[in-house]
Amino acid sequence: MFMRSKKLFFIALAVLALGILTYIAITRNAETGTLEAEDSNFAVADTAGIDKIFISAKSGGNWTLERGTNSTWTLNKTWEVAPVTMQVLLQTIHDVDIKRQVSKAEHNTVVRSLATDHNKVEIYVHGELLKTYFVGHGTDNYLGTYFLMQGSDTPWITYIPGFDGYLSTRYIVSPNDWREPHIFRSAPQSLRKVSVTYPGRPADSFTAEVQGKDLIINGQKADDPAKTNFFITKLRDMAVNTFYKEFTPANLDSMHKLQPIAVITTEDQNPKLNNVLKVYPWREGDNPGHDPKYNALLGTKEEAINIMKERSDFLMVSPGWFMKPKVQ
């Protein structure tokens, strides 16, 4: 009887030990799996909740993108970001997925590369930091991009399903490329007045006052609705072709010595949307390329830009253009 009890005791002890070991193994695997999931979970499902993105380039430059009212985004509290550019970044943050973990053979090389060349990305949701990760360069076959979660030593190769290419360029911020390019942002219902002044031919200058669906041109109602709609549409289409990155005071003085071809001014119910564009001839030696352009000074700060001649010419019309031809 004693031997039988002893035997049962050791069996129970063995079963208990096996249970403990099994529990430890399961717990460890669960923890490892959780850590791996956290290390590789770069995507954000609810991008509508993202209200700030901070991007810091190892090569230099810190950029803060902040969501404002009406889903507009600003860059470093200075420039409004073009909606299409912001949508590409948010879609990337939403769609990014992992292709595979970096292999042991690749690990050290990839980590060293990330240490010297990366963009650090911080994503905030409802004012709280959600995640921070590092975006490296593309893989040799250009079909993946190295990502590393902050606090982890495990790099991953990421991609977007259905997209062939690398993602690193989508996190490179260039203000001149990311800025909202449209010059006259007034909606038809809030636009009050458009003035087009020609310093070299003042007789062709005009002021168009908006009264409902009508334009009053120099005090006279425009009687061609098609041309009225066309003009307002082209006004809203007017966009910057290039923001000049380096424009010195000497360059500005040189521009001021030229007579503008035209000065286009808008007034809106919202004064923040008022704008002025001074259009100048394209100077010889400015390398216009295949598409004719104008140089211009934008806004009260006179920021140097160039614009496409074709788009500008749609606005530089005469008062009589708005009127139907008189039947003889």
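All figures in this text were calculated on a predicted structure; none of them were measured in a lab.

Next up on the list: the overall build of the chain. Helix and strand counts for the chain come out as seven helices and 18 strands. A burial count over the chain gives 37% of its 328 residues as buried. Restricting the contact set of the chain to residue pairs at least 6 apart, pairs at least 24 apart contribute 57%. By element, 54% of the accessible surface of the chain is carried by carbon and sulfur atoms, the whole surface being about 19,500 Å².

In this section: the packing of aromatic side chains. Each aromatic ring pair is specified by the distance between its two centres and by the angle formed by the two planes. Going through the model one piece at a time under the given rule, you end up with 13 aromatic pairs. Their ring planes at 50° and their centres at 6.3 Å tell us that Phe230 and Trp321 sit as a pair that is tilted. With a gap of 91 residues between them, Phe230 in helix 5 (residues 225–237) and Trp321 in the segment after helix 7 (309–313) connect regions that are remote in the sequence. Each ring, one from Phe231 and one from Phe322, has its centre 5.2 Å from the other, and the planes form 70°; the classification is edge-to-face. Linking Phe231 in helix 5 with Phe322 in the segment after helix 7, this pair joins segments that are 91 residues apart in sequence. You'll find Phe231 and Phe322 in the same group, each marked buried. Above the plane of the ring of Tyr159 lies Lys99, whose end atom (NZ or CZ) is 4.2 Å from the centre. Over the face of the ring belonging to Tyr198 we find Arg201, whose NZ or CZ atom lies 4.0 Å from the ring centre.

As a further point, take the pattern of salt bridges. Counted by the stated rule, this structure contains nine salt bridges. A salt bridge links Glu66 to Lys77; its shortest N-O distance comes to 3.0 Å. Here Glu66, found in strand 2 (residues 62–67), pairs with Lys77, found in the loop between strand 3 (73–75) and strand 4 (79–80); they are eleven residues apart in sequence, far enough to count as distant. Residue Lys77 is classed as exposed on the basis of its relative accessible area, which comes to 68%.

Take Asp268: it is sitting in strand 15 (residues 262–268). Here Asp268 sits buried without a salt bridge, and the closest side chain of opposite charge, Arg192, lies 6.9 Å off (N-O distance). Reaching out from Asp268, the side chain makes a polar contact with the side chain of Ser186 at a distance of 2.6 Å. Within polar-contact distance, the side chain of Asp268 engages the backbone nitrogen of Asn270 at 2.7 Å. Contacts of Asp268, omitting those with residues within four sequence positions, involve Ser186, Ala187, Ser190, Leu191, Arg192, Leu273 and Asn274.

Of note in this structure, Lys77 is not a glycine but carries a positive phi near 55°. One non-glycine residue, Glu302, adopts positive backbone phi at about 55°. Within the secondary structure layout, Glu302 lies in the loop between strand 17 (293–298) and strand 18 (303–308).

Moving on: the environment of Ser103. Looking at the secondary structure, you find Ser103 in the loop between strand 5 (97–101) and helix 3 (104–116). Note on Ser103: relative accessible area 29%, which makes it partly exposed. Along the chain, Ser103 and Pro155 lie 52 residues apart, while their C-alpha atoms are 9.0 Å from each other.

What follows covers the sheet that holds strand 6 (residues 119–125). Strand order in the open sheet formed by nine strands is 4-3-2-1-6-7-8-9-5, with antiparallel pairing between adjacent strands. Of all strands in the sheet, those bounded by a partner on one side alone are strand 4 and strand 5. Sheet topology places strand 2 next to strand 3; three bridges connect them, and they run antiparallel. In the strand pairing of strand 3, Leu65 is matched with Leu75. Running at roughly 95° to strand 1 (residues 50–57), helix 2 (residues 83–95) makes contact with strand 1, strand 2, strand 3, strand 5, strand 6, strand 7 (128–138) and strand 9 (156–159) of the sheet.

Taking strand neighbours across the sheet as the criterion, the nine strands line up as 13-12-11-10-15-16-17-18-14 in an open arrangement whose pairing is antiparallel. Lying at the two open borders of the sheet, with one neighbouring strand each, are strand 13 (220–221) and strand 14 (242–243). As paired strands, strand 14 and strand 18 are joined by two bridges and run antiparallel to one another. The residue bridging Thr242 from the neighbouring strand is Asn306, located in strand 18. The sheet contacts of helix 5 involve strand 10 (191–197), strand 11 (206–211), strand 12 (214–217) and strand 15, and relative to strand 10 the element is tilted by about 85°. Helix-sheet contacts for helix 6 (residues 249–256) involve strand 16 (275–280) and strand 17, and the interaxial angle to strand 17 is about 110°.

To continue, consider the nonpolar core. Ranked by internal contacts, the top residues of the largest apolar core, which has 31 residues, are Ile183, Phe206, Phe231, Leu277, Ile305 and Ile307. Residue assignment for this core shows that the elements contributing at least two residues are strand 10, strand 11, strand 12, helix 5, strand 15, strand 16, strand 17 and strand 18. Those residues within four positions of Leu277 in sequence are excluded, and the remaining contacts are Ile183, Phe184, Met238, Ala262, Val263, Ile264, Ala296, Leu297, Leu298, Ile305 and Ile307. Residues Phe42, Ile50, Trp73 and Trp156 belong to the second largest nonpolar core, which totals 28 residues.

The rules we used
Residues numbered from 1 in each chain as written. Predicted model: local features only at pLDDT ≥ 70, side-chain atom pairs only at ≥ 80, totals over all residues. Heavy atoms only, no water. Helix = DSSP H or I, 4+ residues; strand = E, 2+ residues; numbered from the N terminus. Buried < 20%, exposed > 50% of the residue type's maximum accessible area, 1.4 Å probe, protein only. Contact = heavy atoms within 4.5 Å. Areas by Shrake-Rupley, 256 points an atom, 1.4 Å probe, with all protein chains shown as cover. Phe/Tyr/Trp six-rings, centres within 6.5 Å; stacked < 30°, edge-to-face > 60°. Lys NZ or Arg CZ within 6 Å of the ring centre and 35° of its normal. Salt bridge = Lys/Arg side-chain N within 4 Å of Asp/Glu carboxyl O. Lys, Arg positive; Asp, Glu negative; His and termini not counted. Polar contact = N/O pair within 3.5 Å; in protein donor to acceptor, adjacent residues only side chain to side chain. Pairing = 2+ DSSP bridges. Axes fitted to C-alpha atoms, helices over the stretch in contact; angles between N-to-C directions. Core = buried A, V, L, I, M, F, W, Y, C linked by side-chain atoms within 4.5 Å.

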